[in-house]
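A look at the structure
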Amino acid sequence: MAGGFVDEYGVVDPIFNLRSSRRGTRLDLYGEAMYMRKAERWLVAMNATTPIEIGRVRFKLGAESDVFFEKTGRRYGVGPRIVVPLSTRVSLASAYQFVSDGEGILRNYLLINVP
């Protein structure tokens, strides 16, 4: 698929994205390869989550990792991920990554599952 990142000035950085996922009863796996044209950067990402239930509260807990291929070299990121269902088709995911260059990444996603 294709899309873009929009910066604070309204400038669009076109992206091209390839994704794959596999949902199981005990483990969900997700992989992604994305090219950011303006930044000339590749991102290869993987994450895995497993369902957790504490009392009546259900969520998914796991990890995500990224490898950034940039003009200046490679950077690696890894960290925890939590996914909280808001409805049967909508979830909120939050993840923090510790990155090899010392810069941390905090991400929040609104996940919408379309049949």
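Structural notes, computed from the coordinates. This structure is a prediction, so every number in the text was calculated from the model and none was measured. (Residues numbered from 1 in each chain as written. Predicted model: local features only at pLDDT ≥ 70, side-chain atom pairs only at ≥ 80, totals over all residues. Heavy atoms only, no water.)

**A word on the pairing of strand 2 (residues 12–23)**
For clarity, the cut-off: One bridge is not enough; two strands pair if DSSP finds at least two bridges between them. Secondary structure elements are taken from DSSP: a helix is a run of H or I of four residues or more, a strand is a run of E of two residues or more, and numbering for both begins at the N terminus.
Examined bridge by bridge, strand 1 (residues 2–6) and strand 2 share 5 bridges and lie antiparallel to one another. Paired with Ala2 across the two strands is Phe16, which belongs to strand 2. Turn length for the strand 1-strand 2 hairpin, with the two strands adjacent in sequence and antiparallel, is 5 residues, and the turn residue Gly10 shows positive phi of about 85°. Relative to strand 3 (residues 28–36), strand 2 runs antiparallel, the two being bridged by 9 bridges. From the neighbouring strand, Arg23 faces strand 3, where its bridge partner is Asp28.

**A few points about the sheet that holds strand 3**
Filter applied, for reference: Helix axes are fitted only over the stretch in contact, all axes being lines through C-alpha atoms; the angle between N-to-C directions runs from 0 to 180 degrees.
One open sheet accounts for 8 strands, arranged 1-2-3-4-5-6-7-8; its pairing is antiparallel. Two strands bound the open sheet, and with one partner strand each, they are strand 1 and strand 8 (105–112). Adjacent strand axes in the sheet meet at a mean angle of 25°, parallel and antiparallel pairs treated alike. For strand 7 (residues 90–99) and strand 8, the ladder comprises 8 bridges, and the chain directions are antiparallel. Bridging from a neighbouring strand, Tyr96 pairs with Leu106 of strand 8.

**Considerations on the packing of aromatic side chains**
Which entries qualify depends on this criterion: In summary, the pairing rule links any two rings of Phe, Tyr or Trp, Trp by its six-membered ring, whose centres are within 6.5 Å, and it sorts them by plane angle into stacked for under 30 degrees, edge-to-face for over 60 and tilted for everything else. Burial status follows relative accessibility: with a 1.4 Å probe on protein chains alone, a residue under 20% of its type maximum counts as buried, one over 50% as exposed, and anything between as partly exposed. Two limits define a charge over a ring: the Lys NZ or Arg CZ must be within 6 Å of the ring centre, and within 35 degrees of the ring normal.
Under the defined criterion, the tally for this structure stands at 2 aromatic pairs. Where Tyr35 meets Trp42, the ring centres are 5.2 Å apart and the plane angle is 45°; that geometry is what we call tilted. Overall, Trp42 belongs to the partly exposed group, its relative accessible area being 42%. Each ring, one from Tyr96 and one from Phe98, has its centre 4.9 Å from the other, and the planes form 75°; the classification is edge-to-face. The exposed category is assigned to Phe98, whose relative accessible area is 55%. Cation over ring: Arg75 sits above Phe68, and NZ or CZ is 4.4 Å from the ring centre.

**Observations regarding the layout of surface pockets**
Our working rule: Grid points spaced at 1 Å and placed over the protein atoms alone form the basis of the search, with a cavity being a set where a 1.4 Å probe fits but cannot get out and a pocket an open set showing protein on both sides within 12 Å along at least five of seven lines. Lining residues have an atom within 4 Å of a point. Grid points are joined across faces, edges and corners, and a volume is the space filled by probe spheres set on the points. For this classification, Asp, Glu, Lys and Arg are treated as charged, while Ala, Val, Leu, Ile, Met, Phe, Trp, Tyr, Cys and Pro are nonpolar and the rest, including Gly, are polar.
The computed volume of the largest pocket comes to approximately 1,300 Å³. What lines the largest pocket is a set of 47 residues, and nearest its centre among them are Tyr30, Asn47, Arg81, Tyr109 and Leu111. Those elements that provide at least two residues to the lining of the largest pocket are strand 1, strand 2, strand 3, strand 4 (41–54), strand 5 (57–70), strand 6 (73–85), strand 7 and strand 8. Here the lining of the largest pocket gets 9 residues from one element, more than from any other, and that element is strand 4. Taken together, the residues that form the lining of the largest pocket break down as 23 nonpolar, 11 polar and 13 charged.

**Here we look at the pattern of salt bridges**
Heads up, the condition is: Should a side-chain nitrogen of Lys or Arg be within 4 Å of a carboxyl oxygen of Asp or Glu, the pair is scored as a salt bridge.
Scanning the model with the defined rule gives 11 salt bridges in all. A salt bridge links Glu70 to Arg41, with the shortest nitrogen-to-oxygen separation between them at 2.8 Å. In this pair, Glu70 is assigned in strand 5 and Arg41 in strand 4, connecting sequence segments 29 residues apart. Taking relative accessible area as the criterion, Arg41 reaches 25% and is therefore assigned partly exposed.

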